[in-house]
Amino acid sequence: GAVVSQHPSWVICKSGTSVKIECRSLDFQATTMFWYRQFPKQSLMLMATSNEGSKATYEQGVEKDKFLINHASLTLSTLTVTSAHPEDSSFYICSASSLAGSMNEQFFGPGTRLTVL
Amino acid sequence: AQSVTQLGSHVSVSEGALVLLRCNYSSSVPPYLFWYVQYPNQGLQLLLKYTSAATLVKGINGFEAEFKKSETSFHLTKPSAHMSDAAEYFCAVSTGGGNKLTFGTGTQLKVEL
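Position labels on residues start from 1 in each chain and follow its written sequence. Each chain gets a letter, beginning with A, and each ligand a number, beginning with 1, in the order they are written. This being a predicted model, a pLDDT of at least 70 is required before a residue's local features are given, and a value of 80 or more before pairs of side-chain atoms are given or counted; all residues contribute to the totals for chains, interfaces and linings. In computing side-chain values, all of the structure's heavy atoms are included and hydrogens and water are not.

Caption draft 1: Structural context of the pattern of salt bridges. Throughout this description, the term salt bridge denotes a Lys or Arg side-chain nitrogen within 4 Å of a carboxyl oxygen of Asp or Glu. Here the structure, examined in full by the defined rule, presents 6 salt bridges over all chains. Across the pair A:Arg24 and A:Glu22 runs a salt bridge, and its minimum N-O distance is 3.4 Å. For A:Glu22, a relative accessible area of 24% corresponds to the partly exposed category. Note that B:Lys100 and A:Glu59 form a salt bridge whose closest N and O atoms lie 2.9 Å from each other. Placement of B:Lys100 in the loop between β10 (87-94) and β11 (102-103) and of A:Glu59 in the loop between β6 (57-58) and β7 (67-73) is noted, with the two residues assigned to different chains. Judged by its relative accessible area of 38%, B:Lys100 falls in the partly exposed class. The buried label applies to any residue whose accessible area, calculated with a 1.4 Å probe on protein chains only, is under 20% of its type's maximum; exposed applies above 50%, and partly exposed to all values in between. A run of H or I in DSSP becomes a helix once it reaches four residues, and a run of E becomes a strand once it reaches two; helices and strands are each numbered from the N terminus.

This is how it looks when you write it as structure tokens:
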């Protein structure tokens, strides 16, 4: 099956610093990548959708300047949390999909636990 | 617009008993429906999906779900629960397989001896 990786799996940073999270599709070309946020014991909330080579589409209420998304290649998307604060602490999960072939689902990464002190 | 309702945020069953997790959806177009499982501090694993083919969908680990258009439901079942089934389960809907997913609030399944 299709494999999606995320790096790092967990990160602790100081308030005010920026953190970059990578999402990679390892064995397929991802035309679309999605970024989700999950608070403890809650569901996944879609933050943004990114298509390779174009600007990300953010969901209502998500700050574009706070959560920078780059989808520079068909196998890599990055989420940068800028000037992180404790309220940004969360579990961030990416997923990837492709228009090619019979792929008709999203494949999820293992998630990144961000803790802002 | 699309939405998903999962009835019961917590479900507890005995090992060997039937598992039934409920999911109702709302979609303005024919939906794609998914069930995912999440273990603590991990990402989501696909259990099964409905993409307009057979209405009874069989997935991994003995799970299955039936798409009932008249009831707008896609309930997840497993005949006999195992301790390893204890996890969080999410139902999700999209308008296309690779399109934006809308998740339900999740159901925590507990399996007791």
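Caption draft 2: The arrangement of unusual backbone geometry in detail. Residues and elements named next belong to chain A. Here the amide bond leading from histidine 7 into proline 8 is cis, since omega sits at 0 degrees, within 30 degrees of zero. Looking at where proline 8 falls in the secondary structure, it is placed in the loop between β1 (4-7) and β2 (10-13). Although it is not a glycine, lysine 41 sits at a positive phi angle of roughly 60 degrees. Structurally, the position occupied by lysine 41 is in the loop between β4 (32-38) and β5 (44-51). Judged by its relative accessible area of 85%, lysine 41 falls in the exposed class.

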